Amino acid sequence: MKELTIAMPKGRIFEEAVVMLKRAGYKLPPEFEDSRKLIIEVPEEKLRFILAKPMDVPTYVEHGVADLGIAGKDVMLEEERNVYELLDLQISHCYLAVAGLPNTVMNEVAPRIATKYPAVASSYFREQGEQVEIIKLNGSIEIAPIIGLTDRIVDIVSTGQTLRDNGLVEYERIVDITSRLIVNPVSYRIKHRRIQEMVDRLDEIISAGSIS
Ligand SMILES: Nc1ncnc2c1ncn2[C@@H]1O[C@H](COP(=O)(O)OP(=O)(O)OP(=O)(O)O)[C@@H](O)[C@H]1O
Ligand SMILES: O=P(O)(O)OC[C@H]1O[C@H](OP(=O)(O)OP(=O)(O)O)[C@H](O)[C@@H]1O
């Protein structure tokens with residue numbers, strides 16, 4: 001049986017992804033709950049996990065140092081890496097939206113947009129026929145319109161609480177987001193049986209509808 005390396009996103013997807021793998025029958029050691037290790041070997045399952053920043057997962061998979069990865073659709077759209085999407089895991093549901101201060105219109109000349117997703121935001125406004133200036137931030141995006149840095153933000157919304165608590169409103173919904181199982185195209189060819197077995201096991205869990 002060929003070993004598989006999987007790039008897992010640290011952070012909020014991680015826990016749900018681990019639950020899913022366990023339900024699919026993979027026996028994962030306690031290191032998954034209480035360790036700061038960044039590489040976890042599971043020889044009994046012939047699996048090796050790399051714990052990466054969510055935005056970096058497609059990079060590891062594209063370069064083939066991970067065969068598989070788990071990444072939000074937001075990351076896939078932003079990164080546009082040469083990988084295949086195998087499964088919609090139906091976890092970490094959220095969406096990307098345009099938001100801003102209530103009852104405001106965007107500056108007519110080159111309105112400014114703050115976002116962690118410059119590629120997605122640029123292509124969205126281009127499709128709308130609007131010329132905008134994108135300001136890339138790495139977090140706490142909601143601050144930008146409040147302190148007058150930008151007219152709008154493009155950011156993730158889940159419960160809407162961050163927008164509400166900061167007095168912002170949603171103007172447009174751009175795209176629904178869930179996490180995806182992605183694969184390196186070469187790995188998919190040379191480790192096809194092993195990978196397909198994992199896909200089938202995860203697919204069964206998704207179809208049973210027992211995750212989030
Ligand atoms: N509020 C949310 N609710 C549900 N899913 C979310 C939410 N925010 C982000 N996500 C999804 O989870 C993924 C990882 O988000 P997370 O907040 O863990 O990492 P990050 O913000 O990209 O990383 P970091 O905070 O380490 O820079 C995102 O790519 C997205 O798909
Ligand atoms: O609609 P909600 O349920 O409030 O979730 C949305 C928030 O969650 C994410 O932020 P995160 O917690 O990852 O912090 P960040 O500002 O560091 O990106 C996202 O960027 C929003 O700010």
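Bear in mind that the values here come from a model prediction, so they are computed numbers and not experimental data. (Residues numbered from 1 in each chain as written. Chains lettered and ligands numbered in written order. Predicted model: local features only at pLDDT ≥ 70, side-chain atom pairs only at ≥ 80, totals over all residues. Heavy atoms only, no water.)

A. Seen up close, a nonpolar patch on the surface. Taken together, Leu-101, Ile-143, Ile-146, Ile-147 and Leu-149 make up a surface patch of nonpolar side chains, about 420 Å² in accessible area. Structurally, Leu-101 is set in the loop between strand 6 (94-100) and strand 7 (112-115). (Patch = residues over 30% accessible without salt bridge, like charges linked within 9 Å, V, L, I, M, F, W, Y side chains within 5 Å. Areas by Shrake-Rupley, 256 points an atom, 1.4 Å probe, with all protein chains shown as cover. Salt bridge = Lys/Arg side-chain N within 4 Å of Asp/Glu carboxyl O. Helix = DSSP H or I, 4+ residues; strand = E, 2+ residues; numbered from the N terminus.)

B. Seen up close, the site of ligand 2. Neighbouring ligand 2 are 13 residues; Ser-140, Glu-142, Ser-158, Thr-159 and Thr-162 lie closest to it. The backbone of Gly-160 places a nitrogen or oxygen atom 2.8 Å from an oxygen atom of ligand 2. When the free accessible area of ligand 2 is taken as 500 Å², the share hidden by the protein chains comes to 72%. Of the pockets mapped on this structure, ligand 2 occupies the largest pocket. Of all the secondary structure elements, the ones that give two or more residues to the shell around ligand 2 are strand 9 (152-157) and helix 7 (161-165). (Near = heavy atom within 4 Å. Polar contact = N/O pair within 3.5 Å; in protein donor to acceptor, adjacent residues only side chain to side chain. 1 Å grid on protein atoms, 1.4 Å probe; cavity = no way out; pocket = protein on both sides within 12 Å on 5 of 7 lines; lining within 4 Å. Sits in = over half its atoms within 2 Å of the grid points.)

C. Representation of the layout of surface pockets within the structure. What the largest pocket holds in volume is close to 830 Å³. Of all the secondary structure elements, the ones that give two or more residues to the lining of the largest pocket are helix 1 (12-23), strand 4 (68-72), helix 4 (73-79), strand 9 and helix 7. Tallied by class, the residues present in the lining of the largest pocket amount to 14 nonpolar, 14 polar and seven charged. Two domains share the lining of the largest pocket, each providing at least three of its residues, namely domain 1 (4-92 + 178-208) and domain 2 (94-176). Taken together, 16 residues line the second largest pocket, and the ones lying closest to its centre are Phe-14, Phe-32, Glu-33, Ser-35 and Leu-51. Looking at the lining of the second largest pocket, the elements with two or more residues in it are helix 1 and helix 2 (31-34). Here the residues of the lining of the second largest pocket sort into six nonpolar, two polar and eight charged. (Points joined across faces, edges and corners; volume = space filled by probe spheres on them. Nonpolar A, V, L, I, M, F, W, Y, C, P; charged D, E, K, R; others polar. Domains from an automatic or database assignment.)

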